[in-house]
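# What the coordinates show
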Amino acid sequence: MSSQAQSIQMPHSRQGSPMWSSRLAFILAATGSAVGLGNIWKFPYITGENGGGAFVIVYLLCIAMIGLPILIAEIYLGRRGRMSPINTMKYLARADGSSPHWKYLGWMGVLAAFLILSFYSVIGGWSIAYVGHAVSGDFNLADSATIGAMFGSMLQSPSTLLTWHSVFVLMVVAILSGGIRGGLEKTVNILMPLLFLLLLVMVGYAMSTSEFMRAVDFLFTPDFSKLSTEGVLTALGHAFFTLSLGSCAMMAYGSFLPKEVSIVKTSVAIAVVDTLVALLAGLAIFPLVFANGMEPGAGPGLIFQTLPLAFGQMPAGTLFASLFFFLLLVAAITSAISMLEPAIEWLEEQRGINRRLAAVIAGVAVWSVGLLSVFSLNTWADFYPLSFMPVFAEKTFFDVIDYLTANIMLPLGGLFIVLYVGRCMKPEILSQELGLKGMPFRLLMFLIRYLSPALVMVVFIYNLI
Ligand code: PHE
């Protein structure tokens, strides 16, 4: 924490409480937050829907020029405040002599993460259901019609979705009740590298199929005529989503980061691993999509309908399928935990309740909101709650929450984070605490002060018009 921040009263500051045990522990936890359904489920299907290569290029640019600077800024704010995001913003703004309204940035982030979790846990529930299918050998030699029907009947059944949604939320609450260090750190230490390894195995398998080069071409040869304005907005929104930005999740994790760890190097590592995982997921999935004559733009069902087909054909497919969906579930859980962490920290600090109770309260709340998404997939599939607004036309509750968070709240949160760090803080403090000088620091300041806010705003205004 800077001496300037220390001189003001920080009533909730966690001086002396446990931190991440090492730089690696933080990288794995933050990568655990970043790498999730966004990489393995969402990235491939939105890339498919938006025509491939051109979308990927815009996405990579968004990560490097907008995502990375915001990631650095967000982790930095967390470490400087050492409180829940809401109180971090409140007290840092006071320390820096800025408006107390900055605390609403914390509020918006906490709310965004909470809303994301409400539907994320429904999809996390799909992966639990699929672990079950995989272990029981349901994919063995199944044809695409059978696999399609399996997915369809899951979505059509509110009770199935509700069961797995509940189990997922319960797991998240159980882990969070135990605090940051014990369970989470140990889990990600083993499972994140394993996920990476399994993806490589999947890519290896995909390389042996006839359509691998077509997939490489699809992912890396840009055809800008296939990219719509909405596609650009989706790429930007996804850059935020996949790096968990603007939701204060990284801020909350950063609040436990030991002082001596380099935020810049750590952030680069997180962004690189996250991007690699997304690209590898694309390289694992699209060859199978093409080889089976399926549509890359199949939408949210892509990995739940194409991968099982491939597993059903490959040797030891039951084993690989079980491991894959288990690890998808783990990736989802390590992200989900980071979504509820900001709210729990706030409940603990502000209401003075213990961690277990805070986790239960937050869990019950998120479970309840999740019901909207559960029913959006079946009973309310034709109900478009905000159809009077053109952007939300033909969007169910599920789609509205997804669009609102990924395309509006996260970018807005990220925008305000860089505005705060770039405009309200003294550059000398930043330079000193990030350990950056000269050209690299000037480049970072240029990105934080001008380029990322300008790009986010341009895309925003375009969207409004
Ligand atoms: N980054 C996560 C993913 O890619 C999603 C996430 C969003 C996590 C916001 C935390 C906060 O799946």
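Residues numbered from 1 in each chain as written. Predicted model: local features only at pLDDT ≥ 70, side-chain atom pairs only at ≥ 80, totals over all residues. Heavy atoms only, no water.

### Re the overall build of the protein
The number of helices and strands found in the protein is 20 helices and 0 strands. For 465 residues, the compact-globule formula gives about 23 Å, and the C-alpha radius of gyration of the protein, at 21 Å, lands near that figure. If one aligns the C-alpha atoms of the protein with their principal axes, the spans along those axes are about 65 × 50 × 45 Å. Burial statistics for the protein: of 465 residues in total, 60% are counted as buried. Put simply, 82% of the contacts in the protein that link residues at least 6 apart link residues at least 24 apart. Working note: accessible area of the protein is about 17,400 Å², and carbon and sulfur atoms make up 67% of it. A gap of 16 Å separates the mean positions of the 24 positive and 23 negative side-chain charges of the protein. (Helix = DSSP H or I, 4+ residues; strand = E, 2+ residues; numbered from the N terminus. Rg over C-alpha atoms; globule rule 2.2 N^0.38 Å. Buried < 20%, exposed > 50% of the residue type's maximum accessible area, 1.4 Å probe, protein only. Contact = heavy atoms within 4.5 Å. Areas by Shrake-Rupley, 256 points an atom, 1.4 Å probe, with all protein chains shown as cover. Lys, Arg positive; Asp, Glu negative; His and termini not counted. Charge placed at Lys NZ, Arg CZ, Asp CG, Glu CD.)

### Description of the packing of aromatic side chains
Per the stated rule, a full pass over the model turns up 31 aromatic pairs. A ring pair is formed by Phe 383 and Phe 397, whose centres lie 5.8 Å apart and whose planes are at 65 degrees; its orientation type is edge-to-face. Of this pair, Phe 383 sits in the loop between helix H17 (355-376) and helix H18 (397-424) while Phe 397 sits in helix H18, and the two are 14 residues apart along the sequence. Residue Phe 383 is classed as partly exposed on the basis of its relative accessible area of 41%. In this structure Phe 397 comes out as partly exposed when scored by relative accessible area, which is 22%. Among the aromatic residues, those joined into a cluster by ring pairs are Trp 41, Tyr 45, Trp 126, Tyr 130, Phe 139, Phe 151, Phe 304, Phe 311, Phe 324 and Phe 325. In this arrangement the basic side chain of Lys 42 is found over the ring face of Phe 241, its NZ or CZ atom lying 4.4 Å from the centre. Here Arg 214 stacks its cationic end above the ring of Phe 290, 4.2 Å away from the centre of that ring. (Phe/Tyr/Trp six-rings, centres within 6.5 Å; stacked < 30°, edge-to-face > 60°. Lys NZ or Arg CZ within 6 Å of the ring centre and 35° of its normal.)

### With respect to the environment of Met 457
Mapped onto the fold, Met 457 is located in helix H20 (residues 438-464). In this structure the C-alpha to C-alpha distance between Met 457 and Asp 143, which are 314 residues apart in sequence, comes to 47 Å.

### What to know about a nonpolar patch on the surface
Taken together, the side chains of Met 439, Leu 443, Phe 446 and Tyr 450 present a nonpolar region at the surface, about 430 Å² in accessible area. For Phe 446, the location among the structural elements is in helix H20. The class of Phe 446 is partly exposed, set by a relative accessible area of 40%. (Patch = residues over 30% accessible without salt bridge, like charges linked within 9 Å, V, L, I, M, F, W, Y side chains within 5 Å. Salt bridge = Lys/Arg side-chain N within 4 Å of Asp/Glu carboxyl O.)

### Overview of the state of the cysteines
For the structure on display, the rule yields 0 disulfides. The closest cysteine sulfur to the non-disulfide-bonded Cys 248 is located on Cys 424, 15 Å from its own sulfur. (Disulfide = S-S within 2.5 Å.)

### With respect to the confidence of the model for the protein
Scored by pLDDT, the protein has a mean of 89; 95% of the residues are at 70 or more. Per-residue pLDDT stays below 50 along residues 1-8; that stretch engages in 22 contacts with residues further than four places along the chain or on separate chains. (pLDDT = per-residue confidence, 0-100.)

### Considerations on the nonpolar core
In terms of nonpolar packing, the biggest core is built from 169 residues, with Trp 126 and Phe 304 touching the most fellow members. At 19 residues, helix H6 (residues 103-135) tops the list of elements feeding residues into this core. Dropping the residues within four chain positions of it, Phe 304 is found in contact with Trp 41, Ile 123, Trp 126, Ser 127, Tyr 130, Ile 147, Phe 151, Phe 325 and Leu 328. (Core = buried A, V, L, I, M, F, W, Y, C linked by side-chain atoms within 4.5 Å.)

### Describing the pattern of salt bridges
Taken as a whole and judged by the stated rule, the model has 5 salt bridges. Residues Lys 42 and Asp 402 are paired through a salt bridge, measuring 3.1 Å at the closest nitrogen-oxygen approach. Here Lys 42 is found in helix H3 (residues 37-49), whereas its partner Asp 402 is found in helix H18, with 360 residues between them in sequence. Residue Lys 42 shares its accessibility class with Asp 402, and that shared class is buried. Where Arg 214 meets Glu 211, a salt bridge forms, and the shortest distance between an N and an O atom there is 3.7 Å.

### Regarding the site of the ligand
The full set close to the ligand counts 16 residues, and Ala 34, Gly 38, Tyr 120, Phe 241 and Ser 244 are the nearest of them. Within the backbone of Phe 241, one N or O atom sits 2.8 Å away from a nitrogen atom of the ligand. Contact with the protein chains hides 100% of the accessible area of the ligand, taken as 320 Å² for the molecule alone. Counting residues per element, the ones that place at least two in the shell around the ligand are helix H2 (23-34), H3, H6, helix H11 (229-242) and helix H16 (317-351). Residue composition of the shell around the ligand, grouped by class: 7 nonpolar, 9 polar and no charged. (Near = heavy atom within 4 Å. Polar contact = N/O pair within 3.5 Å; in protein donor to acceptor, adjacent residues only side chain to side chain. Nonpolar A, V, L, I, M, F, W, Y, C, P; charged D, E, K, R; others polar.)

### Details of helix H10 (residues 212-220)
Of all the positions in H10, only Phe 212, Ala 215, Phe 218 and Leu 219 are classed as buried. For H10, the arc enclosing every buried residue in end-on projection is 120 degrees, short of the 170-degree limit, so these residues lie on one face. (Arc of directions from axis to C-beta.)

### Description of the environment of Leu 115
Tracing the backbone shows Leu 115 in helix H6. Put simply, Leu 115 and Val 330 are 215 residues apart on the chain and 20 Å apart in space, counted from C-alpha to C-alpha. With sequence-adjacent residues up to four places away left out, Leu 115 is seen in contact with Val 369, Ile 401, Thr 405 and Met 409.

### Some words on the side chain of Ser 431
Mapped onto the secondary structure, Ser 431 falls in helix H19 (residues 427-434). Leaving out residues up to four positions away in the same chain, Ser 431 has contacts with Leu 436, Lys 437 and Phe 441.

### Some thoughts on the side chain of Ser 452
Relative to the helices and strands, Ser 452 resides in helix H20. Within polar-contact distance, the side chain of Ser 452 engages the backbone oxygen of Leu 447 at 2.6 Å. When residues no more than four places from it in sequence are discounted, the contact partners of Ser 452 are Met 65, Ile 66, Pro 69, Val 418 and Leu 447.

### Notes on the packing of helix H4 (residues 53-81) against helix H13 (residues 263-291)
Across the interface, H4 lies against H13 with an axial gap of 9 Å and an inter-helix angle of 145 degrees. For the crossing formed where H4 meets H13, the hand is right-handed. Here H4 contributes Val 56, Tyr 59, Leu 60, Ile 63, Leu 68, Leu 71, Ile 72, Ile 75, Tyr 76 and Arg 79 to the contact with H13, which in turn contributes Ile 263, Val 264, Ser 267, Val 268, Ile 270, Ala 271, Asp 274, Thr 275, Ala 278 and Leu 279. Looking at side-chain class alone, the contact of H4 with H13 contains 16 nonpolar, 2 polar and 2 charged residues. (Axes fitted to C-alpha atoms, helices over the stretch in contact; angles between N-to-C directions. Left-handed = near helix turned anticlockwise from the far one by under 90°.)

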